[in-house]
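# Observations on the model geometry
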Amino acid sequence: MPQHIVTRFAPSPTGRLHVGHAWSALLAHDLARATGGAFRLRVEDIDGARSRPEHVAGIIEDLNWLGIDWDGEVVFQSQRLASYDVALAHLRDMDLLYPCFCSRADIAASATAPHGPEGPLYPGTCRALPQAERDRRIDGEAHAWRLDMAKAVARTCDPEWSALALPDIAGDTLEYGILPRAMRRRATPLAAGDVVLARKDAPTSYHLSCTLDDAAMGVTHVLRGSDLFAATHIHRLLQALLDLPSPLYVHHPLLLGPDGRRLAKRSGSIALADLRAQGMNPARLVANLRARVFPVGISLASA
Ligand code: GLU
């Protein structure tokens, strides 16, 4: 029997959605619809300082405007903190986590901080703290929890993940709902260093909650931007450590604005709400996005 495909769109409510979000959501939506699967919506609102209710309302409004419908209830990460706690406790019991008291400035000031795929790597300062010092500081000082990456990698046997490229999920695949054979990729998370699994200002992190939620929601196919390719190495490792199923991943190229830079909520990229206000026809926009025709000034980055 063919697999029941479950995809998802997982925006953070920290700003209005732009055309890149619409395209990404549409890819995941269309794959689910073409194969008789399910498309889920998850709001990644763990960032208490930046997540706003009006942006949650904006996400729903924008998807409704585009005619992108989802299955089941919307999942809010802010309501799933207890399950993140359980996983953190488990990883702590496995002796894979340590508390980190460093500030961003401490890390930036470390002359020896090497660079990873996403900027400076954590230099490991708190990994070496004696237990007595940890015990003394932990109650009074704000701290994050970091994964001891070297130990974590040593606990797993080079996990692999299944991957497809964007062209694999177009054309005949969508026409007939049959996916080509996946490629296997080896996870190499060591390059990311000791990533944060619970932040100083939030009881979880993107990596932990995203990995746990994809599993809890039964997501079988993750379609997301190539900016999250490095994150997939980390997520695959967490799946191996926590005994979770691993979805198949498709990383699509990002959309670029007129300035040649990737669309981003913060750089003032034109929001879907602005296009709506300008009178753009949503059905036309969706048809064009499906045909990889983007609004004026927006282009697809070469993969
Ligand atoms: N919440 C993330 C974002 O808005 C996306 C997470 C994901 O697709 O894994 O960039």
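In the block above lies the structure referred to throughout.
About the cut-offs
- Residues numbered from 1 in each chain as written.
- Predicted model: local features only at pLDDT ≥ 70, side-chain atom pairs only at ≥ 80, totals over all residues.
- Heavy atoms only, no water.
- Phe/Tyr/Trp six-rings, centres within 6.5 Å; stacked < 30°, edge-to-face > 60°.
- Lys NZ or Arg CZ within 6 Å of the ring centre and 35° of its normal.
- Helix = DSSP H or I, 4+ residues; strand = E, 2+ residues; numbered from the N terminus.
- Pairing = 2+ DSSP bridges.
- Contact = heavy atoms within 4.5 Å.
- Axes fitted to C-alpha atoms, helices over the stretch in contact; angles between N-to-C directions.
- Near = heavy atom within 4 Å.
- Polar contact = N/O pair within 3.5 Å; in protein donor to acceptor, adjacent residues only side chain to side chain.
- Areas by Shrake-Rupley, 256 points an atom, 1.4 Å probe, with all protein chains shown as cover.
- Nonpolar A, V, L, I, M, F, W, Y, C, P; charged D, E, K, R; others polar.
- Parallel < 35°, antiparallel > 145°, perpendicular 65-115°, else oblique.

## Remarks on the packing of aromatic side chains
If you walk through the whole model with that rule in mind, you get three aromatic pairs. Members of the aromatic cluster, connected to one another through ring pairs, are Trp161, Phe229 and Tyr249. Over the aromatic face of tyrosine 122 sits the side chain of arginine 146, whose NZ or CZ is 3.7 Å from the ring centroid. The cationic tip of arginine 276 hangs over the ring face of tryptophan 65; the distance from NZ or CZ to the ring centre is 5.5 Å.

## What to know about the environment of valine 296
Structurally, valine 296 is set in the loop between helix H11 (282–290) and strand E14 (299–300). The spacing of valine 296 and glycine 257 is 39 residues in sequence and 9.2 Å in space, taken between C-alpha atoms.

## Remarks on the sheet that holds strand E2 (residues 38–43)
The parallel open sheet is built from three strands, whose spatial order is E1-E2-E3. The open sheet has two edge strands with one neighbour each: strand E1 (6–9) and strand E3 (75–76). Where E1 meets E2, four bridges bridge the pair, whose relative direction is parallel. Of the residues in E2, the one forming a bridge with threonine 7 is phenylalanine 39. Strand contacts of helix H2 (residues 53–66): E1, E2 and E3, with the helix running at about 155 degrees to E2, the strand carrying the most contacts.

## With respect to the site of the ligand
Neighbouring the ligand are Arg8, Ala10, Pro11, Ser12, Glu44, Tyr206, Cys210, Arg224 and Leu228. Residue alanine 10 places a main-chain N or O atom 2.7 Å away from a nitrogen atom belonging to the ligand. Measuring from a nitrogen atom of the ligand, one finds a side-chain N or O atom of serine 12 at 2.9 Å. For the ligand, the accessible surface in isolation is 300 Å², of which the surrounding protein chains cover 79%. Split into classes, the residues belonging to the shell around the ligand amount to five nonpolar, one polar and three charged.

## Let's talk about the packing of helix H3 (residues 81–93) against helix H8 (residues 206–216)
Where H3 meets H8, the closest approach of the two axes is 10 Å, and the angle between their N-to-C directions is 110 degrees. With respect to each other, H3 and H8 are oriented roughly perpendicular. Contacts between H3 and H8 pair Ser83, Tyr84, Ala87, Leu88 and Leu91 from the former with Leu208, Ser209, Leu212 and Asp213 from the latter. Residues belonging to the contact of H3 with H8 are distributed by class as follows: six nonpolar, two polar and one charged.

Nothing here speaks to function; it is all geometry.
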